[in-house]
Structures are given as C-alpha cells and as structure tokens.
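Examination of the molecular architecture
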Amino acid sequence: LLYQSARISLTGVGRLPRLATPIPDLLHPSDHLPVSARLVLRSHWETVEDDARQWLACVSGTTSVRPLSGDALRDAFNFFDKDASGLVSLVQLEASMQTLRFPGLDSAMVRQALVRAGCAEREGERAAHLSDDQSWAMDLDQFVRVYTHGMQRSSSAASRQLEKAFAAFDPLGKGVLTRADMRAALHRMASAPLDEERVDETLAELSTGNRDGSISLRSFSSWMVRKYMSFLEDPSLVVDSMTKWPEEVYNQ
C-alpha cells in the first residue's frame, strides 16, 4: 500500500474502526488494526498508456512525474508511433494526446519543448523532421532527449521531488550536509546492512564540486539526475541491492 507498482492499481480501501481510547484494550487486544484493500493488476497496454502519460507530464512540467526506465520510454514511444515507422508524426502525436486525454497540453507545447531541448538545432535528417507541419516527425532519440531535458529543468515537478528527498536526509533544514551526516542518515534509513565501500564511493560522488566535501541540494540533485540518465543509457548499471547483502542475511 505504501508503494504501488506501475502494474498494480489500488481501487479501494476498507474503513478502519473509530477508536475512542488508545489500544490495546479489552475490545482490541492488539495494537494493530486490520487493513483491507482491493488491488487490480493492470494489463500491459494500460501500463504503456500510463508511461505515455508520464512522458507528457514530464514534457509539460506541470504535474508530478514517475521516472521512466529505458524500457518504459521505448514502450511510450511505441504508443505514439502507431505505424511502427520509427517516427512519430504530428498527426500521430495529436491523435495519441486525444486518446490519453492529457489536460492542458497540445502538440504546439510538445514542439516547443523539443526546441528548448535543442532537438531542432541538430544537423542532418533528424533536425529536418522538425522543420514544418507537413514533414514534422520525432524519432526515439529526440523523444528521449526532450524527456531527459524536462527531468533536468529546475522548474519541473521532478526537481520538487528531489527537494523533498534531500529534506529527508536533512531533518534540521540546514541546507548542507557533511559526509558524516549523510552516512548516519543512510544507516538510519537502511533496512539491511550497507556496503561501506559503496557508501564511501557514493559520498565522494555526492560532494563533487564542493571543496569542503559538503553535500548541498544542488550537488545531491545533480548526482541523482546523472545516475538516472546513466541508468537510461545502460540498464545493466542497476544492481539488485540484495546481491550486496551478507550471505547470512540473504538466507534468513
């Protein structure tokens, strides 16, 4: 219930009884209350549609964004590329936007976002696709590039999410963390033993650019974006954290 997979929809939650006094008591011998919920497994196509909506949300920069993996971006592109030509035409873009019923966004805003991302400035055939209404088309590379540009914009919803994430490590609101602060926060939040060598590498990367070795919101955000972009380019960089657990912990 705390984390809903992109493949699962929460369709209902049962009501909890009202408590007049603290529990446990004679009526409720446990300090826990049962929670009932209804979950529905989404079809693959429903997931693809939601990925396409998330791409539009990122391009518009007006709503919260669920980060997309490289596979999800390809699926989202294929949603718009109805004829599997490798190009999304203006007609296909507008038709897909009508299907998704995405509020407050039209094809002109998408085209402007492509220009801001530098896609129209590139030489050769790709830039030519964006020249006029008749020949306008967007390829997968441009589709991903405008998405990553949107994720990096300071005004985007993703930026606000990064601020909230940094605040979780900075409960005192200092705005700057020492490596010791971050290490202590990581250990406090971890549900399993940490790989101290990897922690040292991460702290060094997080403080890059700060001479005093501190970790600021800016360096934290830059590191998070770099990591995310590298995962898009090479999904093999994502390592299952369980492979780092000591064998005796993993086997419990």
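Viewed as axis vectors pointing N to C, helix 8 (residues 179–189) and helix 9 (residues 196–206) meet at an angle of 135°, and their least axial separation amounts to 11 Å. By the angle class used here, helix 8 and helix 9 are oblique. Here helix 8 runs over helix 9; the crossing is right-handed. Within the contact between the two elements, helix 8 uses R179, M182, R183, L186 and H187 and helix 9 uses E196, V199, D200, L203, A204 and L206.

A separate point is the pairing of strand 2 (residues 37–41). The element strand 2 is barely covered by neighbouring structure, given that only zero of its five residues are classed as buried. Examined bridge by bridge, strand 1 (residues 8–13) and strand 2 share five bridges and lie antiparallel to one another. Counted as the bridge partner of V13 is A37 from strand 2.

A few words on helix 4 (residues 107–116). Taken as a whole, helix 4 has its buried residues at S107, V110, A113 and L114. The arc that holds the buried residues of helix 4, viewed along the axis, is 115°, so those residues lie on one side. G118, located one to two residues past helix 4, shows a positive phi value of around 85°.

On to the confidence of the model for the chain, then. Looking at the chain as a whole, the pLDDT averages 78, with 78% of positions reaching at least 70. When the criterion is pLDDT under 50, residues 238–252 qualifies, and its contacts beyond four places in sequence or with other chains add up to eight contacts.

Within this structure, the stated rule accounts for six salt bridges. The salt bridge partner of R74 is D71, with a shortest N-O separation of 2.6 Å. Of this pair, R74 and D71 both sit in helix 2 (residues 70–80), separated by three residues, roughly a single helical turn.

Packing of helix 1 (residues 44–60) against helix 4 leaves a shortest axis separation of 10 Å and a crossing angle of 65°. The pairing of helix 1 with helix 4 is recorded here as roughly perpendicular in orientation. For the crossing formed where helix 1 meets helix 4, the hand is left-handed. Where helix 1 approaches helix 4, its residues W55, L56 and V59 are matched on the opposing element by V110, A113 and R116.

A complete count under the given rule lists eight aromatic pairs for this structure. Ring centres 4.2 Å apart and planes at 5° place the aromatic pair W55 and F143 in the stacked group. On the criterion of sequence distance, the pair formed by W55 in helix 1 and F143 in helix 6 (residues 140–152) is long-range, its members being 88 residues apart. In this pair, the class of W55 matches that of F143, namely buried. Put simply, the rings of W45, W55, F77, F79, F80 and F143 touch in pairs and so form one group of aromatic residues. Here K82 stacks its cationic end above the ring of F79, 3.9 Å away from the centre of that ring.

Looking now at the nonpolar core. Among the nonpolar cores identified, the biggest contains 36 residues, and W55, L56, F80, V110, F143 and Y147 are the most heavily contacted of them. Within the residue set of this core, elements represented by two or more residues are helix 1, helix 2, helix 3 (90–100), helix 4, helix 6 and helix 10 (217–233). With seven residues, helix 1 is the single largest residue contributor to this core. The next biggest cluster of nonpolar side chains, apart from the first, holds eleven residues, and it includes V199, L203, L206 and W223.

Tracing the chain through its elements places A117 in the loop between helix 4 and helix 5 (125–128). The spatial distance from the C-alpha of A117 to the C-alpha of G150 is 8.0 Å, given a sequence separation of 33 residues. Leave out the neighbours within four places in its chain, and A117 touches R145, V146 and H149.

Our next topic: the environment of M151. Of note, M151 is situated in helix 6. Given a relative accessible area of 10%, M151 falls into the buried group. Placed 93 residues apart in sequence, M151 and C58 show a C-alpha to C-alpha distance of 6.5 Å.

Our next topic: the side chain of D81. Mapped onto the secondary structure, D81 falls in the loop between helix 2 and strand 3 (87–89). Buried and unpaired, D81 has no salt bridge, with K82 as the nearest side chain of opposite charge at 9.3 Å. A polar contact is formed between the side chain of D81 and the backbone nitrogen of S85, at a distance of 3.1 Å. If we ignore the near neighbours within four places in the chain, the residues touching D81 are G86, L87, V88 and Q92.

Calculation rules
Every chain begins its residue count from 1, and numbering advances along the sequence as written. With pLDDT at 70 or above as the cut-off, local features in this predicted model cover only qualifying residues; side-chain atom pairs require 80 or more to be listed or tallied, and sums for whole chains, interfaces and linings still use all residues. Hydrogens and water are ignored here; the side-chain numbers use all heavy atoms of the structure. Axes, fitted as lines to C-alpha atoms, cover a helix only where it is in contact. Angles between the N-to-C directions of the axes lie from 0 to 180 degrees. The way it works is that DSSP assigns letters per residue, a run of H or I at least four long becomes a helix, a run of E at least two long becomes a strand, and they are numbered from the N terminus. Put simply, angles under 35 degrees are roughly parallel, angles over 145 are roughly antiparallel, angles from 65 to 115 are roughly perpendicular, and the rest are oblique. Crossing handedness is defined as follows: a turn of the near helix away from the far one that is anticlockwise and smaller than a right angle gives a left-handed crossing, while the clockwise case is right-handed. Pairs of residues are marked as contacts when any of their non-hydrogen atoms sit within 4.5 Å. To sort residues, take the accessible area from a 1.4 Å probe on protein chains only and compare it with the maximum for the residue type: under 20% means buried, over 50% means exposed, and anything in between is partly exposed. In short, DSSP must find at least two bridges between two strands for them to pair. This arc is built from the directions going out from the helix axis to the C-beta atoms. Confidence scores labelled pLDDT are given residue by residue by the predictor and lie between 0 and 100. Salt bridges are defined as contacts in which a side-chain nitrogen from Lys or Arg sits within 4 Å of a carboxyl oxygen from Asp or Glu. Ring geometry is summarised as follows: Phe, Tyr and Trp rings, the Trp one being its six-membered ring, pair when their centres sit within 6.5 Å, and such pairs are stacked at plane angles under 30 degrees, edge-to-face over 60 and tilted between the two. Any Lys NZ or Arg CZ found within 6 Å of a ring centre and within 35 degrees of that ring's normal is scored as a charge over the ring. Side-chain atoms within 4.5 Å are what join buried Ala, Val, Leu, Ile, Met, Phe, Trp, Tyr and Cys residues into a set we call a nonpolar core. Two residue types count as positive, namely Lys and Arg, and two as negative, namely Asp and Glu; His and chain ends fall outside the count. Nitrogen and oxygen atoms within 3.5 Å of one another constitute a polar contact, given that in protein one can donate a hydrogen and the other can accept it, and given that sequence-neighbouring residues count only through two side-chain atoms.

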